Amino acid sequence: MSAALDEFGPIKAVIFDMDGLLLDTEGIYTEVTSIIAGRYGRTFDWSIKQNIIGRGAGDLARYVVEALDLPISAEEFLVIREPLMRERFPTAQAMPGAQELVRHLKANNIPIAVGTSSSSQSFGQKTTLHRDWFALFDIIVTADDPEVGAAKPAPDIFLTAARRLGVAPQDCLVFEDSPFGVTAAKAAGMTAIAIPDAAMADEKYAHADGILRTLKAFKPSACGLPALEWA
């Protein structure tokens, strides 16, 4: 970890990103974007993928269309993408340690929230196999929430989550897998731990308070949370 997290504690609430952090959806996004790119004779690879992880849908679509020089608008890209996503999202699996950490925090009465750039509709699709433990969250904030003015890297999603939890931003810990998400958390005045995609370089997370390669490497007691003995 790149910082001693007890310097930022004690933490009173935890906010989780969803895609690539709680649920393994990044492979679905990659598959679908590759399918669309292929229809126009383009190749979607890591050089582009690394720049869109964590972006909101509109921002992502604009970037992909421009980067791949697709002969469609960003709006058309999203229309084409929607049924491909809807078909695949319900198969999303949990990331290692996600369910265990969520259940541990809930059992110890720590306020917990999801702060995601997903829409409420896609949130429902992605959590199809995980209704039981997603029901443990006190608050769910999606990008289309009426109180969210802008998606990440703006801080709106996280600030809305903290406000509804009744916890000051400086007392919140955010888990994020994307540089944009870390930017959003820091802009909100929160402590941010990055859990990057295995292919992402650490230097993209220089603004995070800590970097771990899996949620299972997190030691809650390091920032004043109840200790967890990982299985």
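What you see is a predicted model, and the numbers here were worked out from it, not measured in a lab.

*Asks:* How do you make sense of the pairing of strand β4 (residues 112–115) when you look at a structure like this?
*Replies:* Regular strands have side chains that alternate between both faces of the sheet. Side chains Ile112 and Val114 project from β4 onto one buried face, and the interleaved Ala113 and Gly115 project onto a second face that is buried too. Bridge count between strand β1 (residues 13–16) and β4: three bridges; the pairing is parallel. Each bridged residue has a counterpart across the sheet, and for Val14 the counterpart in β4 is Ile112. Taken together, the three bridges between β4 and strand β5 (residues 139–141) define a ladder with parallel strand orientation. Within β5, the position partnered with Val114 by the bridge is Ile140.

*Asks:* Help me out: how do you make sense of the sheet that holds β4 in this one?
*Replies:* Strand pairing in a sheet relies on backbone hydrogen bonds, with the paired strands running either antiparallel or parallel. Ordered in space as β5-β4-β1-β6-β7-β8, the six strands form an open sheet in which the pairing is parallel. One side of each edge strand has no neighbouring strand; the edge strands of this open sheet are β5 and β8 (210–211). Across four bridges, the pairing between strand β6 (residues 172–176) and strand β7 (residues 191–194) is parallel. The residue bridging Leu173 from the neighbouring strand is Thr191, located in β7. Against the sheet, helix α8 (residues 156–165) touches β1, β4, β5 and β6, its axis set at about 160° to β5. With respect to the sheet, helix α9 (residues 179–187) is in contact with β6 and β7, its orientation differing from that of β7 by roughly 165°.

*Asks:* Looking at this model, I keep getting lost on the nonpolar core. Mind explaining?
*Replies:* Here is a general trend for soluble globular proteins: nonpolar side chains tend to be buried in one another's company. Ranked by internal contacts, the top residues of the largest apolar core, which has 29 residues, are Val14, Phe16, Leu22 and Phe175. When residues of this core are traced back to their parent elements, those giving at least two are β1, α5 (98–107), β4, α7 (131–134) and β6. No other element matches α5, which puts four residues into this core. Among residues more than four places away in sequence, those in contact with Val14 are Leu105, Ile110, Pro111, Ile112, Ala113, Leu173, Phe175 and Leu225. Counting residues in hydrophobic clusters, the runner-up holds 25 residues, among them Ala162, Ala184, Met190 and Tyr205.

*Asks:* Explain the packing of aromatic side chains to me, please; I cannot follow it from the model alone.
*Replies:* In this description, an aromatic ring pair is defined by two values, namely the gap between the centres and the angle between the planes. Per the counting criterion, the structure on display carries seven aromatic pairs. Relative to Phe134, the ring of Trp133 has its centre 4.6 Å away and its plane inclined at 40°; by these criteria the two rings are tilted. Comparing Trp133 with Phe134, the two get one shared label, buried. Each member of the aromatic cluster is reached from another via a ring pair, and the members are Phe16, Phe123, Trp133, Phe134, Phe137, Phe175 and Phe218. Taking NZ or CZ as reference, Lys126 lies 4.6 Å from the ring centre of Phe89, over its face.

*Asks:* What is the right way to look at unusual backbone geometry in this model?
*Replies:* Residues apart from glycine generally show negative phi values, whereas peptide bonds are mostly found in trans. Note the cis peptide between Lys152 and Pro153, where omega equals 20°. With respect to the element layout, Pro153 can be found in the loop between β5 and α8. The backbone of Asp69 sits at a positive phi, close to 50°, despite the residue not being glycine. Within the secondary structure layout, Asp69 lies in the loop between α3 (57–67) and α4 (74–88).

*Asks:* Please explain the packing of α3 against α4 as it appears in this structure.
*Replies:* The packing of two helices is summarised by the inter-axis angle and the distance between the axes. Orientation of α3 relative to α4, taken along the N-to-C sense of each, is 110°, at an axis distance of 8 Å. Taken together, α3 and α4 sit at an angle that is classed as roughly perpendicular. When α3 is examined against α4, the residues Ala57, Gly58, Leu60, Ala61, Arg62, Val64 and Val65 are found in contact with a partner set consisting of Ala74, Phe77, Leu78 and Arg81.

*Asks:* Is there a simple way to think about α9 in this case?
*Replies:* Each full turn of the α-helix corresponds to 3.6 residues, which orients residues three or four apart in the same direction. Buried within α9 we find Pro179, Gly181, Val182, Ala184 and Ala185. Elements that come into contact with the buried residues of α9 comprise α8, β6 and β7.

Conventions and cut-offs
Residues numbered from 1 in each chain as written. Predicted model: local features only at pLDDT ≥ 70, side-chain atom pairs only at ≥ 80, totals over all residues. Heavy atoms only, no water. Buried < 20%, exposed > 50% of the residue type's maximum accessible area, 1.4 Å probe, protein only. Helix = DSSP H or I, 4+ residues; strand = E, 2+ residues; numbered from the N terminus. Pairing = 2+ DSSP bridges. Contact = heavy atoms within 4.5 Å. Axes fitted to C-alpha atoms, helices over the stretch in contact; angles between N-to-C directions. Core = buried A, V, L, I, M, F, W, Y, C linked by side-chain atoms within 4.5 Å. Phe/Tyr/Trp six-rings, centres within 6.5 Å; stacked < 30°, edge-to-face > 60°. Lys NZ or Arg CZ within 6 Å of the ring centre and 35° of its normal. Parallel < 35°, antiparallel > 145°, perpendicular 65-115°, else oblique.

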